[in-house]
Structures are given as C-alpha cells and as structure tokens.
Amino acid sequence: MPDVIALLPLRGTVLFPHAVVPLAAGRASSVRLIDEAAQGSRLIGAVTQRDPGGDAPTADGLHAVGTFAVIHKVLRQSDGTLRVVVQGLGRFRIEELVETQPYLRARVTEIVEPAEVSDVELEALARSVTALFEKVVTLSPNLPDELASVVAGADTPDALADLVAASMPGLSIAVRQELLETHGVRERLTKLAAALGKEAEVLELGSKIQSEVQSEVSKNQREYLLREQLKAIQKELGDTDERTQEIDELRKKIEAAGMPDEAKREALRELDRLAKMPPAAAEYTVARTYIDWLVSMPWSVQTTDSMDLDAARAVLDDDHEGLEKIKERILEYLAVRKIKPDGKDPILCFVGPPGVGKTSLGRSIARALGRKFHRISLGGIRDEAEIRGHRRTYVGALPGQVVQGLRRAGSKNPVFMLDEVDKLGMDFRGDPASALLEVLDPEQNGTFRDHYLDVPFDLSRILFVTTANVIDAVPAPLRDRMEVIHLAGYTEEEKLRIAERHLVPKQAREHGLDPARDVIFTPAAIRLLARRYTREAGVRNLEREIASVCRKVTRRYAEGDRAPVTVTPDLVMSFLGVPRFELEELEERTSVPGVAVGLAWTPAGGEVLYVEATRMPGKGTLTLTGQLGDVMKESVQTALSWVRSHAKELGIPGDFWERSDVHVHVPAGAIPKDGPSAGVTMLTALVSLLTGVPVRSDLAMTGELSLSGRVLPVGGIKEKVLAAHRAGVRRLILPRRNEKNLIEDVPAAIREAVTFHLVSSADEVVHLAFEGEGADVTGPEVAVAR
C-alpha cells in the first residue's frame, strides 16, 4: 500500500475491509478524485467524516482510521454525480494531510494486525457471531436471507468480523467506527457479539409486538367480516341483530318521550353517532349513557293534582297538629290551581327549630296534592356541579341532583323538598347557593339547562319546598326568591295530641308492642315527659323518651311478664329516673333581689334567660360576664344610664354609683349571647338590685330598651312565649308594638293560660315587675283581653 493516498470523505457510512459497497459522490472534489483514480491505480482511502453535514472537512473533521479501497465500477448519473462500487482492502491511520486541493491527500500508515493463533476461544467467538448474525438476518425484514450464507463463507475470523459489521444496518456510525478502530480480531469479535446480541433482543421484542398487533388486527378483521356476513344473512332472512334492535328501540323511545324540539334533535344526533360507532369504542358507553338519561327524563309525564280542598285539609290535619299557616298556604295554592290550572307554582321556605316537622310536611303536601315526592339534602354540599351536573367531557360525569331527582320521581311536577338550605357550603369548586338561584326563580327555571344534559328542561311545574333552621344563613338573593313561612315550636297541648296520635303508636310498633293492648300511655304521663323530661320546641326528644319507656316495657315482655302496662307518671319516674327539669327553679331563682327572667330566641326555639345583678363597694365600675355580645353589653349600659337618670323617682340614692361597683351576669356562661331584646330584663334586674325588692316570681319579659325609656319591638315572639309557658311563667311583659304577633302567632290556648302585659315605656315595666312586691312606683298596666 502507498504511503500517500487520496482520501474520499464518507458521510453517514463506514467502509470495512473485505466489504463491497456502493457509494455516491456528489462533491466536485470527490468526483474529480474518483475520475483520476479510476484512470490510474484505482486505489483510494475511504474515511468517515465526524460531522456528516460538513462540505469541506479538514484533518480535525475526519476520523483517524480509515480503509484502503479499490474502485471496481463507476457510473455517472445524469445530474453529474457518480455511483461507485468499491471494495475494502485494509485499515490505515492518517498521520497528516499533505494536500487539500483539488482533493484531500494524506500520509498514512497501514495497520497490520498480527496473525491470531486459532484456538477454541477464537473459534467459539466466530461461531457465536455467525449464529447471532444469522438470527438477526432471520428476524430482520430488511435483510435478505442470502446475506447469511455470504457471511458464513468468510474464510478467516478477520474477514468474518468485517463482513458482519458491514452488513448490520442497525449499528450506529459510532459503533461501526469503533469496530473499525478496534485492534485485534479477538477484541473486535467480542464487541461485535455484544452488539449483535443487543440487536437480536430488540428485533425479537419488535417481532413479538408486531405478532401481537397483527394477531389483534387479524382478529378484528375476521370479526368485522363475520359481522358483515351475519348482517347480510339476517337481512336476507328478515331478521336484525341485537345492536340494530337496540338502536331501533332507542329511536322509538326518543320518539315516545315527548321531548321538546331541541332535546329531540340532540338525542337523534347522538343516536346517529352511536349507530356508526363500534361497541368497543371508548365513546360508545358515554353516548349510550347520555341517550339513556335523555329518554328516561319525564319530559311529558305529570301527575294530576287532587283539587278536593276538603280531602287535602283532612290529609294535612291527619299528618300534623297545628301549623295552621302552612296548611292555609297549601289550601290557597290548591284553590288557585283549581281556578287557574296553568299558574306558576310557589317556592316555599319553612324556617323553624329542629323537630317541628318541616321535612315531614313535604311528604304531607305531596300526599295532599296527589303528587310524587323527592327529597334532596343540601347540608354540606360544596360543589356547584351537585346542582347543575358535570359536563360530559369529564370521566364519570353525571347530571345534578335536580335532574337525578326528576328521573327518580318519574314526573315533571313532583314536590321537591330541598332540605337544610341554610347549610350549603362553598369552596373552590363553586357556590351551590348561586346555582340554586336559577332553579328557584320562577322567571328562569322554565328553561333550566343542566351541564350534563345540555338541553333545557322545564322546572316551573315543580313545587319546591325548602327548609332551614336559620334564615339569616341563606344568601339574600336566594332568600328573595322564596316565600318564607316561619314555624315556631309546639304547645304542650299540641305535643300531647302528637304523642297520642303519632309518637306512641309508632314507637310501640317499632318495639314489638301493640299500642292498643300491650302499652297504654296516660295523658298525665305524656305531660310529665313533655314538661319535665324534655324542654324543646319540637318533639324529637319527647319521641326518644317515649321510646325509652317502650324499651323498658319490651324488656318486661322478654323476661316473661306479659301483663298489659299502663304508663303513669309514677311508672315514668321509675323507668327514667329523676326528671331533668324542675319547674320550681323559676321561683327559687327570683327569690332574691337583682334577678329577673328574660326570654331569648335560638335556632332550636325559645329559651328562658336569667339575668343576675349584684353590687359591692367600689367606685362606679360595671362588670359584664356570661359571654355577652356587643349589642347585649350596650343594652346593660343603656339600662344602667336610665336607672341613674331616674334614681330619685325609683327611690334609689343618687350617689349609689360613686360608692358601688355593679356586676351583671347571664348564666350558662359557655353559650354566647347577643341581641337587644333583653334590655327591659337588664333594667328590671338593676332596679331590683338597687331597691332591694325581688321581682315577681311568675313574671318574664322581653323587649328592647331605648335610652329615653321607650320599649321597642323584638322578634321571635311565638318562640319566646312558648318557652315561657313551658317554664311555668304565668305573666309576660311584651312590647306594645308586638301585639299583632301575639294575636296572630300565639295559639289561643297559650293566650288563655298566660296573662300578657303590653308596655311602651320603662316606667310601665318597673310598675308591673314589682306590683304587689313593696315598690313605690306607679304606672299604667295593660293586659290583653282574651
């Protein structure tokens, strides 16, 4: 081999000794080099470029090791490029470039490898490479099978390594160049075996994947062909397949559902998509579920209202005692529907303490109207999608509770009970109360659009009934859309009738007793339970106490004592122990000066509130305890200022404030208290303390006190009056401007049992509070005529 040789830079390929490969030459320098070499010695040096994109490589742009090659054939293309077939002869190393123009010429050194001693290891390497290469050729679809026989004919391990390396299209340029530069046949065969092993693993995995894919494709094609043949056979026989029957049934359901035009168009459009979709498609289930929801909605199904007012009144009276306002409102609604059937339904909101029957009223209303009933509990709902539904793009999307409730009710005009509307939450997922604005607005809910259905549905035929314990917790815009009806607690007589007609029979049956034979509650026993074992606005605790008595009786029966049991007050006390509430407490608490009885409103009904005041030597400091709110503290300060300004008229020393400290306390200190309605109670306690005269023991009061001594109206009159009656109060002081609430809201039986005094000034309060108790204060007394 010559010491100086012309270099042909190669792009993206490596020429190995013993290999015969075709090359393309397009650069002017390469074309000239091949033309001159073909006319001379035909010997050139092939060297791979480091950067395939370089057009004029220098010494640094070429690999250091290349291959001597002989030109066998040259073909000139029409575009001026050459196609040349060369064969590698041996390796060389570039020492230096001696010319760069018109093409590269370099001084090179031939790499002569020592002859390898044939041994078992070399033979094993050669056989391994041969076997791996044959395996690669077999697995690779791009290599001809004849290539394996060509390589197998290599007479030396050196030739075998070079031919295999040259014939492997999967090897990268870097790996090929590394094999070319590797000195020694043994090392070259070792590296080649590793590369071939990796390539064989890749091809095996690819072949496995391809086989699985091909198998699945073949299976799908076979199923498709069989399905098409089955369709053709069924068509000839006049039969249809299950899927076609399913599509036809859905189409009939859509036609029979009575949908509006927009909903029908959407349903048919989705059905057409479904018919063209294979059942295995991911969208198939989504589309089918959507169509099922559309056809199952009660678009045109509604019940006929019962217009018999007397029957409706009988149903309401049979289910609930009292509650006259609500019963009158339902009867008025029925009367309007009887005269004007196409009128809009009202949206009612029942507000009252727990246990007074707000939720059960919904069922009674539905029964009285002859409508279906559905209840949704809104307590704790924080997601706006619970009302409006999720969009179908989400996985597992469903309509909102309103649409789901309509589907379950099976009617477009049910009675919808939205329970605990005051306990709706709000977080990052939206505000459910705002979503209810459209649902509960008669002007908007005729075209309510659920996010899932995405078609309008008429909610205007639904009678919505909501319940709440505290109306203040309901947002103002939502509250404005509802007709609020307040429910106060039950009187003792109403509780007695409820227990006799409902609670006792229900609990007796639930405990395996016959209410007419096994256990009989006397009215005195029920009164004892209601008066001294419970103190509530509703009847839940009363029902629990009745259940406790029934359990005791059931235990007797289980132990063998089958004698009928008549529940008397003595038996109640033996079963339940000492009563929890003592009526004598009122008289005991007011037996000392400085204590007055007030009334408070709570979400659970009315409560009796005691105000205690005491004085001690000091320099005019006012101390307030009992977790009082700011408004209540101001009420105490207003009462004290009025007392100081009228000390002379009240018979109180004028300098008492300079010589005394006053402490006002409202017991049950763990419970926060606020509001202005205890103003007259604070005044009475202070006057009692400073005059030393106890307040009448049977008297309670409520009313806001102004600085000028006027008694202003307050709220919650019915709840407060019922609480006072439960506590044994026989005389009540109320603001004169609350007379209308007294007459309209308080039952006649309570007005008969309690004497009411309507006042408008602090002087009247003081006169009534100490009447007959030794206080020298005069003033008018006004009692409501019963």
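See above for the structure.
The notes below deal with the structure included here.

Parameters at a glance
Residues numbered from 1 in each chain as written. Predicted model: local features only at pLDDT ≥ 70, side-chain atom pairs only at ≥ 80, totals over all residues. Heavy atoms only, no water. Axes fitted to C-alpha atoms, helices over the stretch in contact; angles between N-to-C directions. Helix = DSSP H or I, 4+ residues; strand = E, 2+ residues; numbered from the N terminus. Parallel < 35°, antiparallel > 145°, perpendicular 65-115°, else oblique. Contact = heavy atoms within 4.5 Å. Nonpolar A, V, L, I, M, F, W, Y, C, P; charged D, E, K, R; others polar. Phe/Tyr/Trp six-rings, centres within 6.5 Å; stacked < 30°, edge-to-face > 60°. Buried < 20%, exposed > 50% of the residue type's maximum accessible area, 1.4 Å probe, protein only. Lys NZ or Arg CZ within 6 Å of the ring centre and 35° of its normal. 1 Å grid on protein atoms, 1.4 Å probe; cavity = no way out; pocket = protein on both sides within 12 Å on 5 of 7 lines; lining within 4 Å. Points joined across faces, edges and corners; volume = space filled by probe spheres on them. Polar contact = N/O pair within 3.5 Å; in protein donor to acceptor, adjacent residues only side chain to side chain. Pairing = 2+ DSSP bridges. Salt bridge = Lys/Arg side-chain N within 4 Å of Asp/Glu carboxyl O.

### What about the packing of helix α18 (residues 523-533) against helix α20 (residues 569-576)?
Two numbers describe how α18 lies on α20: the axes approach to 8 Å, and their chain directions differ by 45°. When the interaxial angle is binned, α18 and α20 end up oblique. Taken together, the residues of α20 that come into contact with α18 (itself represented by Ala 524, Ala 525, Leu 528, Leu 529 and Tyr 533) are Pro 569, Val 572, Met 573 and Leu 576. Within the contact of α18 with α20, the residues separate by chemical class into nine nonpolar, no polar and no charged.

### Let's talk about the packing of aromatic side chains
Two aromatic rings are characterised by how far apart their centres lie and by the angle between their planes. Under the definition given, this model contains five aromatic pairs. Note on Tyr 290 and Tyr 452: the rings are 5.9 Å apart at their centroids and 65° apart in plane angle, and the pair reads as edge-to-face. Linking Tyr 290 in helix α9 (residues 282-296) with Tyr 452 in the loop between β10 (448-449) and β11 (456-457), this pair joins segments that are 162 residues apart in sequence. As far as the burial class goes, Tyr 290 and Tyr 452 line up, both buried. Aromatic pair Phe 416 and Phe 464: ring centres 5.7 Å apart, planes at 75°, arrangement edge-to-face. With a gap of 48 residues between them, Phe 416 in strand β9 (residues 415-419) and Phe 464 in strand β12 (residues 463-468) connect regions that are remote in the sequence. Per residue, the accessibility class of Phe 416 equals that of Phe 464, and both read buried. Seen from the ring of Trp 293, Arg 407 lies directly overhead, with NZ or CZ sitting 4.1 Å from the centre.

### Comments concerning empty space enclosed by the protein
Where empty space is left in the structure can be found by rolling a water-sized probe over the atoms. Scanning the model with the defined rule gives two cavities of 30 Å³ or more in all. Taken as a whole, the largest cavity spans an internal volume of roughly 50 Å³. In this structure, the largest cavity is lined by Lys 344, Asp 345, Ile 347, Pro 442, Asn 445, Leu 459, Ser 460, Ile 462 and Phe 464. Taken together, the residues that form the lining of the largest cavity break down as five nonpolar, two polar and two charged. Here the second largest cavity defines a volume of roughly 40 Å³. Broken down by secondary-structure element, the contributors of at least two residues to the lining of the second largest cavity are α17 (492-510) and α18. In terms of residue class, the lining of the second largest cavity is built from one nonpolar, one polar and five charged.

### Describing helix α29 (residues 762-769)
Most of α29 is tucked away: seven of the eight residues are buried. Buried within α29 we find Ala 762, Glu 764, Val 765, Val 766, His 767, Leu 768 and Ala 769.

### Considerations on unusual backbone geometry
Backbone geometry at Arg 42 places phi at a positive 65°, although glycine is not the residue there. Within the element layout of this structure, Arg 42 appears in the loop between α1 (28-39) and β3 (43-48). The backbone phi angle of Asp 454 is positive, close to 60°, even though this residue is not glycine. With respect to the helices and strands, Asp 454 occurs in the loop between β10 and β11. For Asp 454, a relative accessible area of 39% puts it in the partly exposed group.

### Here we look at the side chain of Asp 441
For Asp 441, the location among the structural elements is in the loop between α15 (432-439) and β10. Asp 441 has contacts with Ile 347 and Arg 481, leaving out every residue within four places of it along the chain.

### A word on the environment of Asp 561
For Asp 561, the position within the fold is in the loop between α19 (540-558) and β15 (565-567). On the accessibility criterion, Asp 561 (37% relative accessible area) is partly exposed. A polar side-chain atom of Asp 561 sits 3.3 Å from the main-chain amide nitrogen of Ala 563.

### Looking at the sheet that holds strand β8 (residues 373-377)
Taken together, five strands build an open sheet; the order of strands is β8-β9-β12-β7-β13 and the sheet is parallel. A single partner strand is all that each edge strand has here, and the edge strands are β8 and β13 (483-486). For this sheet, the mean angle separating the axes of adjacent strands, direction not counted, is 20°. Of the pairings in the sheet, the one linking strand β7 (residues 347-351) to β12 comprises five bridges and is parallel in character. Counterpart to Cys 349 in the pairing with β12 is Thr 466. Here helix α12 (residues 358-369) sits on the sheet in contact with β7, β8, β9 and β12, set at roughly 175° to β9.

### So, the pattern of salt bridges
Close approach of charged atoms allows side chains with opposite charge to pair. If you walk through the whole model with that rule in mind, you get 35 salt bridges. Here Arg 392 and Glu 270 are joined by a salt bridge, their closest N and O atoms 3.8 Å apart. With Arg 392 in the loop between α13 (385-388) and α14 (401-409) and Glu 270 in helix α8 (residues 261-275), this pair connects stretches of sequence that are 122 residues apart. Relative accessible area serves as the criterion here: at 26%, Arg 392 is assigned to the partly exposed category. Owing to a relative accessible area of 3%, Glu 270 belongs among the buried residues under this scheme.

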